[in-house]
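If you want the building blocks of each chain, they are given just below.
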Amino acid sequence: KAKTRPESDYRNLIFWLPLQTNMAELKEDELYLEAFNLQIPQNKKIDSSKLGEALRSVGKRLTNENIETLRKKADAECNGGITFEDFKRFVDEASKIEKTDEEIEKAFKVFDNGEKKGLINLATFKHSIMTLGDKLAPEQVETLFKQAGIDESKETVNYKVFMDLLKAK
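Cut-offs applied
- Here the residue index of a chain counts from 1 through its sequence in written order.
- Two thresholds apply to this predicted model, a pLDDT of at least 70 for residue-level local features and 80 or more for giving and counting side-chain atom pairs, whereas whole-chain, interface and lining totals are computed over all residues.
- With hydrogens and water stripped out, all remaining heavy atoms of the structure feed into the side-chain values.
- By the criteria applied, helices consist of DSSP H or I runs no shorter than four residues and strands consist of E runs no shorter than two, each listed in order from the N terminus.
- The rule is simple: take the accessible area with a 1.4 Å probe, protein chains only, and divide by the maximum for that residue type; under 20% is buried, over 50% is exposed, in between is partly exposed.
- Two residues qualify as a contact provided that any one of their heavy atoms is within 4.5 Å of a heavy atom in the partner residue.
- Areas reported as accessible are Shrake-Rupley estimates using a 1.4 Å probe. Residue values count occlusion only from the protein chains shown.
- For this analysis, a nonpolar core means a set of buried residues of the types Ala, Val, Leu, Ile, Met, Phe, Trp, Tyr and Cys, connected via side-chain atoms within 4.5 Å.
- Pairing of aromatic rings covers Phe, Tyr and Trp, the last counted by its six-membered ring, and requires centre-to-centre distances within 6.5 Å; plane angles under 30 degrees mean stacked, over 60 mean edge-to-face, and any other angle means tilted.
- Residue-level confidence of the predictor, termed pLDDT, takes values from 0 up to 100.
- We define a salt bridge as a contact between a side-chain nitrogen of Lys or Arg and a carboxyl oxygen of Asp or Glu at a distance within 4 Å.
- The directions from the helix axis to the C-beta atoms form the arc being described.
- What qualifies as a polar contact is a pair of N or O atoms within 3.5 Å, subject to a donor-acceptor requirement within protein and to the restriction that residues adjacent in sequence count only when both atoms come from side chains.

Secondary structure summary: the chain contains 8 helices and 2 strands in total. Along the chain, from the amino end to the carboxyl end, the secondary structure elements read α-α-α-α-α-β-α-α-β-α. The burial tally for the chain puts 42% of its 169 residues in the buried class. Counted over contacts in the chain with a minimum sequence separation of 6, partners at least 24 positions apart contribute 62%. Summed over its atoms, the accessible surface of the chain is roughly 9,800 Å², and 48% of this surface lies on carbon and sulfur atoms.

Encoded structure:
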């Protein structure tokens, strides 16, 4: 059975960290159903406001903008809430627009200072993820760094540490 989402709220994290579940044991539909059921009220439909959270819980790496686009589509197409069949359709659609590993790595390379050593300045990176785009709160950054095993007393870190964390399932 999948674990529940960690206490810290990653809704603003552009590179959603998938739940630490044993997804290999679940068949694809079982995984989707588990994520769907975490959001479901009594009427067997989830509200469109929970779509992003449900998609991220099955490992979809979407920006807040992508989530909002899908949410609006759900509002227009799914009167009264999203059924499980609708959810599977949105999972398929999210798969087509989610960030690829290459796109994520390209984003980290911006912080590489042109040296191509894979090292990023922690202070610059931390400042950027707290002030640009889908901003993170200080608590979210602290949790992210803790999960990545980052020693904040160091000036730089290899961005592959973050890539590995993002790929963890």
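This part is about the nonpolar core. Grouped together as the largest cluster of nonpolar side chains are 20 residues, with contacts concentrated most on Tyr32, Leu51, Leu55, Leu70, Ile82, Phe87 and Phe90. Among the secondary structure elements, those contributing two or more residues to this core are helix H1 (28-39), helix H2 (51-57), helix H3 (64-77) and helix H4 (84-97). If you tally residues by element for this core, the top one is H4, at 5 residues. Ranked by size, the runner-up nonpolar core spans 19 residues in total, among them Ile120, Phe125, Phe162 and Met163.

Per the stated rule, a full pass over the model turns up 6 aromatic pairs. Ring centres 5.6 Å apart and planes at 40° place the aromatic pair Phe108 and Phe125 in the tilted group. Taken as a pair, Phe108 in helix H5 (residues 101-109) and Phe125 in helix H6 (residues 122-131) lie far apart in primary sequence, 17 residues in all. As far as burial versus exposure is concerned, Phe108 and Phe125 are alike and both buried. Taking 5.8 Å as the distance between ring centres and 10° as the angle between the ring planes, the aromatic pair formed by Phe108 and Phe162 counts as stacked. Residue Phe108 is located in helix H5, and its partner Phe162 is located in helix H8 (residues 160-167); the two are separated by 54 residues in the primary sequence. The two residues Phe108 and Phe162 agree in class, both being buried. Taken together, the ring pairs in this structure connect Phe108, Phe125, Phe145, Tyr159 and Phe162 into an aromatic cluster.

As a further point, take the confidence of the model for the chain. Confidence along the chain averages 76 in pLDDT terms, with 77% of residues attaining 70 or more. Confidence, read as mean pLDDT per element, is least for H1 in the chain (71) and greatest for H3 (91). A low-confidence stretch, residues 1-26 stays under pLDDT 50, and its non-local contacts, those more than four residues away or across chains, total 62 contacts.

The final tally for this structure, using the stated rule, is 8 salt bridges. One salt bridge in this structure joins Glu85 and Lys88, with 3.5 Å as the shortest N-O distance. Placement of the pair is Glu85 and Lys88 together in helix H4, with a separation of 3 residues, close to one helical turn. The exposure class of Lys88 is buried, given its relative accessible area of 18%. Several salt bridges share partner residues, and in doing so they unite Glu68, Arg71 and Asp75 into one network.

Below, the discussion takes up H6. For H6, every residue scored as buried is listed here: Leu122, Phe125, Ser128 and Ile129. Considered in projection along H6, the buried side chains sweep an arc of 130° and stay on one side of the axis. Exposed and oriented more than 90 degrees from the buried face of H6 are Ala123 and His127. Looking at where H6 begins, the residue whose side-chain oxygen comes 3.0 Å from the main-chain nitrogen of Ala123 is Asn121. At the exit of H6 stands Gly133, carrying a positive phi of roughly 60°.

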